[in-house]
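Chain by chain, the residues run as shown.
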Amino acid sequence: MLLDSLIDRATQLKKNTVAVAVAEDIVVIKAVLDAIERNLAHFILFGNQGIINRMIEVEQNKVNPVKSLRIVHADTNELAAQLAVKAVSNKEADVLMKGNIPTNVLLKAVLNKEYGLRTGNILSHVAVFEIPNRDRFTIVTDSGMNINPDLEQKAQIIRNAVAVAKGIGIETPKVAPIAAVEVVNPAMQATVDAAALTVMNKRGQIDGCIVDGPLALDNAVSILAAEHKGIQSEVAGKADILVVPAIEVGNVLYKSLVYFANAKVGAVIAGAKAPIVLTSRADSAESKLYSLALAICSVAN
């Protein structure tokens, strides 16, 4: 299984430390204990110490996590977020993970000018899917952060996704800016931006990858569809990274893959000083574990 192999890859790297903001969530605790059992990382859990300890006692079973985690008490979500972000900023931890905390509260700490994790680049959501009957990862970006990115933001979204792809072993990712059609139409901004991104790549403004677009989704992922339409491209039918034109497209594609295609997924926020595991409260412990592995592989890159 592709994502299980990602966990194996992460365990071969130097042991990283994950700071969890507001860890008092049973699904988060399950993922943390599973990660410890697999020797994936050390953890610092920020939040209500009593509740966290009780959850660990219920879930730990045969795991003895004492040597691999410590708990730092915080009375409020805001304080837990601040302490977790500071731990990453001060190099006490290598990865930031969202627990039972609203995304906006965590991101407020992440973007703090004094102790936050901003780099000057935009932050973007990078999701790595294992889709049944496909023998390669499919990366979708951006389905969770940037609402309607402009050309330069799309270029940065590609750079962020390429860094993640390299971290999981894709040396030269093939990037497809997705549109409704595979030809440039001035009335469709997504096609114009896709063509510009392709030129930027050829001129070295976006490096470390191969960008070609615009491509409709079928032409990006199906060699048969690309051949049927006569598209000759290094990317068509073999795309590793699908760059969506707006958040609605990414959100629908993400959830369609999960709920209709039974895909498994791990996701991170890239573009900060360290990877951020920003999973949904609806995500399973398994998905959170895959996201942790993805984040750890991203640190190595």
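Up top is the structure.
Everything quoted here is computed from the prediction, not taken from an experiment. Every residue gets a number counted from 1 within its own chain, in the order that chain's sequence is written. For this predicted model, a pLDDT threshold of at least 70 governs which residues receive local features, and a threshold of 80 or more governs which side-chain atom pairs are given and counted, while totals over whole chains, interfaces and linings are taken from all residues. Derived side-chain values reflect all non-hydrogen atoms in the structure, with water molecules and hydrogen atoms excluded from consideration.

1. A look at the environment of Lys-264
Next up, step 1: Tracing the backbone through its elements, the reader meets Lys-264 in strand β10 (residues 264–270).
Next up, step 2: The spacing of Lys-264 and Ala-190 is 74 residues in sequence and 28 Å in space, taken between C-alpha atoms. Here a helix means four or more residues in a row that DSSP labels H or I, a strand means two or more in a row labelled E, and each is numbered from the N terminus.

2. A few points about helix α4 (residues 77–89)
Next up, step 1: Expected helix span is taken as 1.5 Å per residue step, with the number of steps being one fewer than the number of residues. Taking 1.5 Å as the rise per residue, α4 with 13 residues should run 18 Å; its terminal C-alpha atoms sit 18 Å apart, in good agreement.
Next up, step 2: Here α4 has its buried residues at Ala-80, Ala-81, Ala-84, Val-85, Ala-87 and Val-88. Take α4 and look down its axis: the buried residues cluster within an arc of 155 degrees, on one side only. Exposed residues in this analysis have more than 50% of their type's maximum accessible area, buried residues have under 20%, and partly exposed residues fall in between, with area computed by a 1.4 Å probe over protein chains only. For this quantity, the arc is that covered by the directions from the helix axis to the C-beta atoms.

3. Focus: unusual backbone geometry
Next up, step 1: Omega for the bond connecting Thr-141 with Asp-142 falls within 30 degrees of zero, at 5 degrees, which places this linkage in the cis form.
Next up, step 2: Mapped onto the elements, Asp-142 comes out in the loop between β6 (138–141) and α6 (151–167).
Next up, step 3: For the bond running from Gly-213 to Pro-214, omega is 10 degrees, close enough to zero to count as cis.
Next up, step 4: Even without a glycine there, the phi angle at Val-22 is positive, about 60 degrees.
Next up, step 5: Its location among the elements puts Val-22 in the loop between β1 (16–21) and α2 (26–37).

4. Section: the side chain of Gln-156
Next up, step 1: Here Gln-156 is to be found in helix α6.
Next up, step 2: Relative accessible area serves as the criterion here: at 11%, Gln-156 is assigned to the buried category.
Next up, step 3: In contact with Gln-156, not counting residues within four places along its chain, are Asn-121 and Ile-122. By definition in these notes, contact holds between two residues if any of their heavy atoms fall within 4.5 Å.

5. Quick notes on the nonpolar core
Next up, step 1: Ranked by internal contacts, the top residues of the largest apolar core, which has 56 residues, are Val-20, Leu-40, Phe-43, Leu-45, Ile-158 and Ile-168.
Next up, step 2: The element contributing the most residues to this core is helix α11 (residues 285–300), with eight residues.
Next up, step 3: Sequence-distant contacts of Ile-158, defined by excluding residues within four places in its chain, comprise Val-175, Leu-197, Ile-206, Cys-209, Val-211 and Val-243.
Next up, step 4: In terms of nonpolar packing, the next biggest core, distinct from the first, is built from 28 residues, Ile-44, Ala-80, Ala-87 and Tyr-115 among them. Among buried residues, those of type Ala, Val, Leu, Ile, Met, Phe, Trp, Tyr and Cys that are joined through side-chain atoms within 4.5 Å constitute a nonpolar core.

6. Regarding the pattern of salt bridges
Next up, step 1: Salt bridges, as used here, are contacts in which a Lys or Arg side-chain nitrogen is within 4 Å of a carboxyl oxygen on Asp or Glu. A complete count under the given rule lists seven salt bridges for this structure.
Next up, step 2: Measuring nitrogen to oxygen at the nearest pair gives 2.7 Å for the salt bridge that ties Arg-136 to Asp-240. Taken together, the residues Arg-136 in the loop between β5 (124–130) and β6 and Asp-240 in the loop between α9 (223–228) and β9 (241–243) connect sequence positions 104 residues apart.
Next up, step 3: When its relative accessible area of 26% is taken as the criterion, Arg-136 is described as partly exposed.

7. Observations regarding the packing of α4 against helix α5 (residues 103–110)
Next up, step 1: Fitted lines through C-alpha atoms give the axes, limited to the stretch in contact for helices. The angle between two N-to-C directions lies from 0 to 180 degrees. Between α4 and α5, whose axes approach to 9 Å, the crossing angle comes to 40 degrees. Taken together, the axis directions place α4 and α5 in an arrangement best described as oblique. Where α4 crosses over α5, the two elements pack in a sense that is right-handed. Contacts from Asn-77, Glu-78, Ala-81, Gln-82 and Val-85 in α4 reach Val-105, Leu-106, Ala-109 and Val-110 in α5.
Next up, step 2: For the contact of α4 with α5, a count of residues per class yields six nonpolar, two polar and one charged. Any angle between 65 and 115 degrees counts as roughly perpendicular, while under 35 counts as roughly parallel, over 145 as roughly antiparallel, and the rest as oblique. Put simply, a crossing is left-handed when the front helix is turned counterclockwise from the back one by less than a right angle, and right-handed when it is turned clockwise. Following the grouping adopted for this structure description, the nonpolar residues are Ala, Val, Leu, Ile, Met, Phe, Trp, Tyr, Cys and Pro, the charged ones are Asp, Glu, Lys and Arg, and the polar ones are all others, Gly among them.

8. Comments concerning the packing of α6 against helix α7 (residues 189–202)
Next up, step 1: Orientation of α6 relative to α7, taken along the N-to-C sense of each, is 55 degrees, at an axis distance of 10 Å. Our classification of the angle between α6 and α7 gives oblique. Note on packing geometry: the crossing formed by α6 with α7 is right-handed. Residue-level inspection shows Leu-151, Glu-152, Lys-154, Ala-155 and Ile-158 of α6 in contact with α7, the latter providing Ala-190, Asp-193, Ala-196, Leu-197 and Met-200.
Next up, step 2: When the residues that make up the contact of α6 with α7 are grouped by side-chain class, the tally is seven nonpolar, no polar and three charged.

From the geometry alone we can't say anything about function, so treat these as descriptive.
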